[in-house]
Amino acid sequence: MSPNQLAKWALIAVTAFAVISDSMLLPFYPIYFEVMFHSSDPLLTSRYLAVSCLIVIVALPLWARVARRFGTLKVLMLSQVGALLASVGCANAPTLAVLFASGWIMVLFKASYLLVYPYLLTLEEAKHQPHTVGLLSVIVHLGAIIGALVGGSILQLAHPPQAFLWMAVGDGLQILVCGWLLLRVQPQSLVANRQQPCEDTTAAARRATTRPKVQLALIMWLFYFSAYLIRPFFVQYWHRLSPQSGEIEAAVIFAIPAAIAIAALMLQRHSRQPRWLQTLGQIPVALAIGAVGFALQAQPQPHWIIVGRVLYGWALFHATVKLDLKIFALSHPNEYSKDFATLHIFQSLGVLVASYAAGQLMVAGGDQLLFVCASGGFILTTLLFWQWFMPREKRLKGATL
């Protein structure tokens, strides 16, 4: 196995451990705050998650600078040491204020693993990048399933703070993988995907892509705002409609979109995919399907919620992967890290505003208002993408990303 391939699979393992750790309590923070600290205020959850997103926005560019100086692998290993210690601090937090402080420190260190994404793509040839993006998407969704199930099991069957200790175990595994990779592969032996500047990658041509990058950033913001608006309170919503269900069942329902995303990737890799299925995977169509999925989840019947989660999962996979590919299609290998970090800021801003707005909307109109707003956001995202990118894609002989 070449050094590049060894690094690729090791970093994919790092991503898997990181996503599982991050997903353990993500659907359950309102329940955790209520069980451990007797606080059921939805605004509390919103503010905690919103500040967490803000920390990621600020920290990622700083980690990128540090990584350019000291190397991505060393930064990943050392930052996860800090995340591990902060996770242990969260598990032993005696008050809500201490938990918040420890949790935000944990998020600060965990933000570094987002460097894996652009770093991996610099090691790949352009023709292999769609496969890698799809593989990372599957890892993220599979990790979300495992993390939600583990978190729900801990809350239902064990002492809730143990979830943070299992997060620390995930951090420890990341440290071991990065250390092993540093011993096996010298970073200078990795061959980056450095293309020579050509007619379409000159400085003038890259300046010409500034406008579509700005448009894509706005689409990213709106898409992530809409997609994650319901996330903090979905488990509570399900419990209200199905009070007899436990945390494990709620975790399964929460994880349906991730399972659908994995199934969608398997279908996408099929060599003889029918044209109608390809059409359903195009960004505008997938977003429209997602809007219907949100509308169905607003119906107060469990069977409609399950159908809505399926449609939402289809939309989330196709829109996330193909919008990410759009980033790199508009970029140049030498600018992958910078452009990815910039676009990720807009993604994180979308999640940040969604996290804060969710609590306000819950207080103002309840759960169903969240789904209505999310559905409207997907419709608006569809219209903007169609207006800004579909004419350009038609000029490129109908190619879709």
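Residues numbered from 1 in each chain as written. Predicted model: local features only at pLDDT ≥ 70, side-chain atom pairs only at ≥ 80, totals over all residues. Heavy atoms only, no water.

Student: Got a sec to walk through the overall build of the protein chain? Specific residues and values, please.
Tutor: A tally of regular secondary structure across the protein chain gives 19 helices and zero strands. Every one of the 401 residues in the protein chain was classed for burial, and the buried ones make up 57%. At a minimum sequence separation of 6, the contacts of the protein chain that also span at least 24 residues come to 83%. Of the roughly 17,600 Å² that the protein chain leaves accessible, carbon and sulfur atoms contribute 67%. (Helix = DSSP H or I, 4+ residues; strand = E, 2+ residues; numbered from the N terminus. Buried < 20%, exposed > 50% of the residue type's maximum accessible area, 1.4 Å probe, protein only. Contact = heavy atoms within 4.5 Å. Areas by Shrake-Rupley, 256 points an atom, 1.4 Å probe, with all protein chains shown as cover.)

Student: An account of unusual backbone geometry is requested, with residue identities and associated values reported.
Tutor: Look at His 38: it is not a glycine, yet its phi comes out positive at around 55°. Along the chain, the position of His 38 falls in the loop between helix 2 (29-37) and helix 3 (42-70).

Student: Tell me about the pattern of salt bridges, residues and numbers included.
Tutor: If the charged atoms of two oppositely charged side chains come close together, the side chains can form a pair. Under the definition given, this model contains three salt bridges. Asp 22 serves as the salt-bridge partner of Lys 110, at 3.6 Å between the closest nitrogen and oxygen. Here Lys 110, found in helix 5 (residues 96-110), pairs with Asp 22, found in helix 1 (residues 3-23); they are 88 residues apart in sequence, far enough to count as distant. In this structure, Asp 171 and Lys 110 form a salt bridge, with 2.8 Å as the shortest nitrogen-oxygen distance. Linking Asp 171 in helix 8 (residues 162-184) with Lys 110 in helix 5, this pair joins segments that are 61 residues apart in sequence. We note that Asp 171, like Lys 110, is buried. Taken together, the salt bridges that share partners define one network made up of Asp 22, Lys 110 and Asp 171. (Salt bridge = Lys/Arg side-chain N within 4 Å of Asp/Glu carboxyl O.)

Student: Give me the packing of aromatic side chains: which residues, what numbers.
Tutor: Taken as a whole and assessed by the stated rule, the structure comprises 19 aromatic pairs. With a centroid separation of 5.0 Å and 50° between ring planes, the pair formed by Tyr 237 and Phe 371 is classed as tilted. Taken together, the residues Tyr 237 in helix 11 (residues 234-241) and Phe 371 in helix 18 (residues 367-388) connect sequence positions 134 residues apart. Judged on exposure class, the residue Tyr 237 and its partner Phe 371 are both buried. Through a chain of ring-to-ring contacts, the aromatic side chains of Phe 223, Tyr 224, Tyr 228, Phe 294, Tyr 312 and Phe 378 assemble into a single cluster. Over the ring of Phe 234 we find Arg 309, and its NZ or CZ is 4.0 Å from the ring centre. (Phe/Tyr/Trp six-rings, centres within 6.5 Å; stacked < 30°, edge-to-face > 60°. Lys NZ or Arg CZ within 6 Å of the ring centre and 35° of its normal.)

Student: Which residues make up the side chain of Ser 21, and what values do they have?
Tutor: Tracing the chain through its elements places Ser 21 in helix 1. According to the relative accessible area criterion, Ser 21 is buried, its value standing at 1%. Setting aside chain neighbours within four positions, we find Ser 21 in contact with Lys 110, Met 167, Gly 170 and Asp 171.

Student: Lay out a nonpolar patch on the surface with the relevant residues and their values.
Tutor: Taken together, the side chains of Trp 166, Val 169, Leu 173 and Leu 176 make up a nonpolar region of the molecular surface, amounting to roughly 390 Å² of accessible area. On the secondary structure map, Trp 166 appears in helix 8. (Patch = residues over 30% accessible without salt bridge, like charges linked within 9 Å, V, L, I, M, F, W, Y side chains within 5 Å.)

Student: Which residues make up the environment of Ser 102, and what values go with them?
Tutor: Here Ser 102 is to be found in helix 5. Residue classification places Ser 102 among the buried residues on the basis of a relative accessible area of 14%. Ser 102 sits 11 residues away from Ala 91 along the chain, and the two C-alpha atoms are 9.2 Å apart. With residues up to four places along the chain from it excluded, the contact list for Ser 102 reads Ala 86, Gly 89 and Cys 90.

Student: Describe the environment of Ala 86, with residues and values.
Tutor: Examined against the element boundaries, Ala 86 turns out to sit in helix 4 (residues 72-91). C-alpha separation for the pair Ala 86 and Ser 102, spaced 16 residues apart in sequence, amounts to 5.5 Å. Filtering out sequence-adjacent residues up to four positions away, Ala 86 remains in contact with Ser 102, Ile 105 and Met 106.

Student: Go over the confidence of the model for the protein chain, please, and point to the residues and values.
Tutor: Of all residues in the protein chain, 88% have pLDDT values of 70 or greater, and the mean over the chain is 84. Confidence drops under a pLDDT of 50 for residues 194-201, and excluding neighbours within four residues, the segment shows 10 contacts in the predicted structure. Confidence over residues 395-401 falls short of pLDDT 50; this stretch has nine contacts with residues more than four positions distant or in other chains. (pLDDT = per-residue confidence, 0-100.)

Student: Lay out the nonpolar core in plain terms, naming residues and giving numbers.
Tutor: Membership of the largest hydrophobic core comes to 134 residues, with the highest contact counts inside it found for Leu 25, Tyr 29, Phe 33, Leu 99, Phe 164, Leu 229 and Phe 234. The biggest single contributor to this core is helix 3, with 13 residues. Not counting the four nearest positions on each side in its chain, Phe 234 is found in contact with Ile 253, Phe 254, Gln 297, Ile 305, Arg 309 and Phe 371. (Core = buried A, V, L, I, M, F, W, Y, C linked by side-chain atoms within 4.5 Å.)

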